[in-house]
Amino acid sequence: MLAGILTALKVIGIVLLCIIGLILLLLLLILFVPLRYRLDGTVPETELGFWLDGFDDSKIIASVRFSWLLHIISGRIEYPENKQFTVRVFGIKVFPRKPRKEKKKDASEKDSSEDKEYAEKADTKSEKEAEVKTEEVSAKDVDSKTDVVSDKDSNVKDNKESEENSDNESDKKTKDEVNDNQTLKNGIDDNENESETDEDKAIIEIITDIIEK
């Protein structure tokens with residue numbers, strides 16, 4: 001356990017010493033390595049008046065350069081050729097950064113095209129949804145109409161059937177009444193015939209009695 005702890009502490013100490021050494025090296029470089037600079041300028045000879053009427057700004061040439069640590073970091077500005085201050089690290093331009101107008105334009109065009117496509121898709125989706133809704137509404141209307149028609153047809157059929165049943169029942173009732181009346185008439189006729197036959201028999205008996213006497 002102690003050996004492991006000691007080795008870990010050794011490693012941590014070595015890492016810390018390396019970091020401290022790098023920091024000291026950077027400080028020494030900053031303190032003892034000089035910053036080199038150079039200024040160049042040319043001004044043409046002109047006849048200067050009281051209001052500098054003969055002075056021409058376009059003929060002035062000037063340049064400023066600097067470098068540090070064996071030209072690892074360098075910068076320059078020139079007039080009138082390059083009025084923008086540039087800084088390079090290991091020969092790579094760091095400041096100012098190159099503008100990415102084309103990429104931005106392409107990105108903006110892509111975004112605009114994507115937005116247009118999205119808007120078109122949204123419009124098509126909304127149109128499709130509206131068409132689907134209208135179709136559903138029309139289908140519902142048709143279904144409701146068919147249901148109403150079917151209900152009406154069923155009601156008409158039920159009414160017709162009920163009327164037919166009532167007519168059949170009334171016909172049956174009338175037929176039964178006619179049959180009853182006929183049976184009554186037949187019964188009455190039979191009774192009359194029987195009474196007549198009884199009277200005839202009585203008369204015949206009376207006549208036979210008179211003849212015998």
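Residues numbered from 1 in each chain as written. Predicted model: local features only at pLDDT ≥ 70, side-chain atom pairs only at ≥ 80, totals over all residues. Heavy atoms only, no water.

Visitor: Can you walk me through unusual backbone geometry in this structure?
Guide: For residues besides glycine, phi is generally negative; the peptide bonds are generally trans as well. Between Phe-95 and the following residue, Pro-96, the backbone shows a cis peptide bond with an omega angle of -10°. Take Pro-96: it is sitting in the loop between strand 5 (92-95) and helix 2 (101-212). Backbone geometry places Leu-69, a non-glycine residue, at a positive phi of 60°. Despite not being glycine, His-71 has its phi angle at roughly 65°, a positive value. Counting through the fold element by element, His-71 comes out in the loop between strand 2 (61-68) and strand 3 (73-79). For His-71, a relative accessible area of 57% translates into the label exposed. (Helix = DSSP H or I, 4+ residues; strand = E, 2+ residues; numbered from the N terminus. Buried < 20%, exposed > 50% of the residue type's maximum accessible area, 1.4 Å probe, protein only.)

Visitor: Can you walk me through the pattern of salt bridges in this structure?
Guide: When the charged atoms of two side chains with opposite charge come close together, those side chains can pair. Across all of its chains, the model carries 3 salt bridges by this definition. With its nearest N and O atoms 4.0 Å apart, the salt bridge here joins Arg-65 to Glu-78. Taken together, the residues span a long stretch of sequence, with Arg-65 in strand 2 and Glu-78 in strand 3 at a distance of 13 residues. In this structure, Arg-76 engages Glu-78 in a salt bridge whose closest nitrogen and oxygen atoms are separated by 2.1 Å. Its relative accessible area of 18% is what places Glu-78 among the buried residues. Overlapping salt bridges bring together Arg-65, Arg-76 and Glu-78 as one network. (Salt bridge = Lys/Arg side-chain N within 4 Å of Asp/Glu carboxyl O.)

Geometric values such as these leave the question of function open.
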